[in-house]
Amino acid sequence: MNERGYSLVLVMLTVTVFFIIGLTILSVSIYQAKFTQVRVEDVTSLHDAVKAVEETVAELKVKVEQLTLSTPAQLDVDLGNAQVGFLNELMNRHGVTIEDITDEKGIVRNHLFTRVFRISAPYGNKAVTREVIITNAPSFLKYALGSRENVTLNGGAYIDGNIYAGKDIYVTNVANYIYNSTLYSVQTSFPTTSEKSILFVDGNRYACDHENGAKSCYTISNEFTKNMNDFSSSSLSFQYQGPSIQKEQEEFIDVNFDFTLKDKLLSAAGIDAFDQSKQTQYQNLISLPLSELVEQLKPSFAFVTVDDATNLPTALDVAIASGKSIFLDTSTVPYFDITSFTLNDGQWLIVNGDLTLENAGSSLLQISGNIIVLGNLTITGQVAFDSTIYVNGNTSIYNTTISGLNGKEVVLLTKEELEIARVNEFTNNFSLTTPNLKGFFYTDSNAVIYAVGSYINIEGGLFARGNGSIIPYTDENGLIINTYRGETNESGTNLSFQTPISSEEDQKQYARFVVKHNKDVFINRGLGLPLVKQLAVIVDELRVQ
C-alpha cells in the first residue's frame, strides 16, 4: 500500500517536471519567435532607411550633373529647399529629411558653389544619415592618392582613402631608393589599405612578388627598370587588407592649371569670373599670356619691394592694411623672413620670383592666406598653413613638418616637379593618427616619392596628373611611391633595415608612407580651390545615429 503511494508521488513529480520543462521550452520558443520577428523588422527598417537615403543621393547626383554653372544664387534656385523645389520633391518622394547645413559649415554661399546637405531617414528610435557636398572642385581632391597616368606602389604604404589610376597600376613588395648617388632595392611588404578604400583603375593591373629573390621586380643599372616577365597581369597583391576595385563611372574633372592660375590672378585683382558686370573685362584678360596678364594687373596690387629682409614684416603689414592683394618682388629678398603672415578675406599674396618658406629658430611659421608663386617654391622647417598655394614652377618640400592652422590645411598645386624628400628622415616613431604633412599636394607633372629613409604621413592627399614624360631614374610616368615598412637607419655605406615582428594586421602601423584622405578640404578652402565649370556631388560615409 505504501509502495503504491510512493509510486503515485513519483509519477506526479515526474509529470510536474516534464510539464515545467515543456512550459520552459514553449516560453523559449515563443521568445525566440518574437525576437526573430523583431530582428527581421529591425533589419527591414534599416534596409528601408538605407535605401531611401541612397535613392535620394542618386537622384541628387543626376540633377546636379545636369545643372549649368551660372551663379551661386542660381544654384540655390535650381535646387530649391525643404519647402519648395527639387529638394522638397525628394523629401516627399523618399520620406527623408534634407537639412541644409551650408551656413553651419561657414561657407559664404553668395560667393561659392559649395553646398552641404545632411540627408536622413528614420530607423526605429535612430536615423540613417549621410552628408553630401555639392561643389565645383576638381576630381583629384576626392582621392587619397592618384594620377591621370600610371600609379606605381612599391613597398608597404598604408592608404586610408580611395586611389585613382587613369591608366595602369603596378604593385610590388620591393622599395627602390637612392643613397649616396647609388641605386638600391630592398624587399619589404606589399601595401595595405583601409577596408573602405576603393581603387579606381581604368587600365591594366600588374603585381610582382619578389619572393626573396626568386623573382626580380626591377633590374637596376642607371635606372630602375621593371622586369615585366615577373609581373602578373589582371591581379594585385596587398598585405592583409586591400581595396575593392572598380572603374570610375563619374567623369573625371581635370585641373586646367594655366587657366586656373590666370583666373586666381584675376580674382586677386578683384575681377570675378561670375560677376556679370566684369564679364567682358574678364574674358579679354584671361586670354592673354601669363606674363602680359601680370603686367596688366600690377596697378591693382599693393607693391612690396625691400632691399633688407628685416624691413619685410613692416612692409607687409602696410600692404595688408591697404586691403589690396599684395605683389611681392623676391629678386632682392628671396628669403621670407617672418614668423607669421595673415591676409584678410579676399586678399592674395602674389610672389614675383622664387619663394622659400622656413621657420626661424624654434618658432612655428604660420601662414594664413592664399598665395601665388610665379617662380619656384621651397618649404622647409616647421610651417603651419591655412592656405591655397599655386606655384608656376617647381615645389620642393624637404626636412619639414607641415601642420594645419585654424583647424584647416594647405592645398598646394604646382605646375612643374613636386619633390617631397628627407621628411622626418630615419625617424622610427610611428603613428597612423599623427600626420607630419597636412594638406593636398598636386602636381601637373609627374611625382616620385622615396619614403625609405624618410617617414611621410599625409592627412589629405597626393596627386600627380602626369605629362607623358618619363620620371628620372625610372621607366615610368605618373606617380611612383617607394616605401619600406619597418625601422630604417644609416649604417655608414648604406641603409640598414628591420622588419617589424607582429601580425600582418598590426604591421601597417610601421609603414613609412601613410596617406589618409580628408574630405573637409571641399569646405575649408572655399575661393582658393581651382575653378572648374562643372558641379559634382561628394558623398560622405553612411552613419546610424
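Only a predicted model underlies this, so the values are computations on that prediction, with no experimental measurement involved.

Draft legend 1. The overall build of the chain, seen in detail. For the chain, the count of helices and strands is 9 helices and 37 strands. Along the first, second and third principal axes, the C-alpha atoms of the chain reach 125 × 70 × 45 Å. Expressed as a percentage of its 545 residues, the buried residues of the chain come to 48%. If you sum the accessible surface of the chain, you get close to 25000 Å²; carbon and sulfur atoms cover 48% of it. Of the charged side chains in the chain, 39 are positive and 61 negative; the average position of the first set lies 6 Å away from that of the second.

Draft legend 2. Here's a closer look at the sheet that holds strand 5 (residues 151-155). Spatially, 16-13-8-5-32-30 is the arrangement adopted by the 6 strands of the open sheet, whose pairing is mixed. The outermost strands of the open sheet, each flanked by one partner alone, are strand 16 (232-233) and strand 30 (447-451).

Draft legend 3. The arrangement of unusual backbone geometry in detail. For N180, which is not a glycine, the phi torsion comes out positive at approximately 55°. Examined against the element boundaries, N180 turns out to sit in the loop between strand 9 (174-179) and strand 10 (182-187). Positioned with a positive phi, R422 is a non-glycine residue whose angle comes to about 55°. Residue classification places R422 among the partly exposed positions, given a relative accessible area of 49%.

Draft legend 4. View of the state of the cysteines. The full count for this structure, using the stated rule, is 1 disulfide. In this model C208 forms its disulfide with C217; the gap between the sulfur atoms is 2.2 Å. Torsion about the S-S bond of the C208 and C217 cystine: about -95°, corresponding to left-handed handedness. Classification of C208 by relative accessible area gives buried; the value is 0%.

Draft legend 5. Seen up close, the packing of aromatic side chains. Considering all chains together, one arrives at 20 aromatic pairs under this definition. Each ring, one from F140 and one from Y442, has its centre 4.6 Å from the other, and the planes form 35°; the classification is tilted. Of this pair, F140 sits in the loop between strand 3 (126-135) and strand 4 (145-147) while Y442 sits in strand 29 (residues 437-443), placing them 302 residues apart in sequence. Judged by relative accessible area, Y442 falls into the buried class, the value being 1%. The interplanar angle of 85° and the centroid separation of 6.0 Å between the aromatic rings of Y170 and F231 together place this pair among those described as edge-to-face.

Draft legend 6. The pattern of salt bridges, seen in detail. For the structure shown, the criterion picks out 23 salt bridges. Two residues, R109 and D100, come together in a salt bridge whose shortest N-O distance is 3.1 Å. Judged by its relative accessible area of 22%, R109 is partly exposed. A cluster of three or more residues bridged by salt bridges with shared partners is formed by D76, D100, D103, R109 and R115.

Draft legend 7. Here's a closer look at the packing of helix 4 (residues 257-268) against helix 6 (residues 290-297). Viewed as axis vectors pointing N to C, helix 4 and helix 6 meet at an angle of 0°, and their least axial separation amounts to 11 Å. Between helix 4 and helix 6, the angle falls in the class roughly parallel. Listed contacts from helix 6 to L261, K262, L265 and L266 of helix 4 are L290, L293, V294 and L297. Of the residues belonging to the contact of helix 4 with helix 6, the class tally is 7 nonpolar, no polar and 1 charged.

Each value, and the rule that gives it
- Residues numbered from 1 in each chain as written.
- Predicted model: local features only at pLDDT ≥ 70, side-chain atom pairs only at ≥ 80, totals over all residues.
- Heavy atoms only, no water.
- Helix = DSSP H or I, 4+ residues; strand = E, 2+ residues; numbered from the N terminus.
- Buried < 20%, exposed > 50% of the residue type's maximum accessible area, 1.4 Å probe, protein only.
- Areas by Shrake-Rupley, 256 points an atom, 1.4 Å probe, with all protein chains shown as cover.
- Lys, Arg positive; Asp, Glu negative; His and termini not counted.
- Charge placed at Lys NZ, Arg CZ, Asp CG, Glu CD.
- Pairing = 2+ DSSP bridges.
- Disulfide = S-S within 2.5 Å.
- Phe/Tyr/Trp six-rings, centres within 6.5 Å; stacked < 30°, edge-to-face > 60°.
- Salt bridge = Lys/Arg side-chain N within 4 Å of Asp/Glu carboxyl O.
- Axes fitted to C-alpha atoms, helices over the stretch in contact; angles between N-to-C directions.
- Parallel < 35°, antiparallel > 145°, perpendicular 65-115°, else oblique.
- Contact = heavy atoms within 4.5 Å.
- Nonpolar A, V, L, I, M, F, W, Y, C, P; charged D, E, K, R; others polar.

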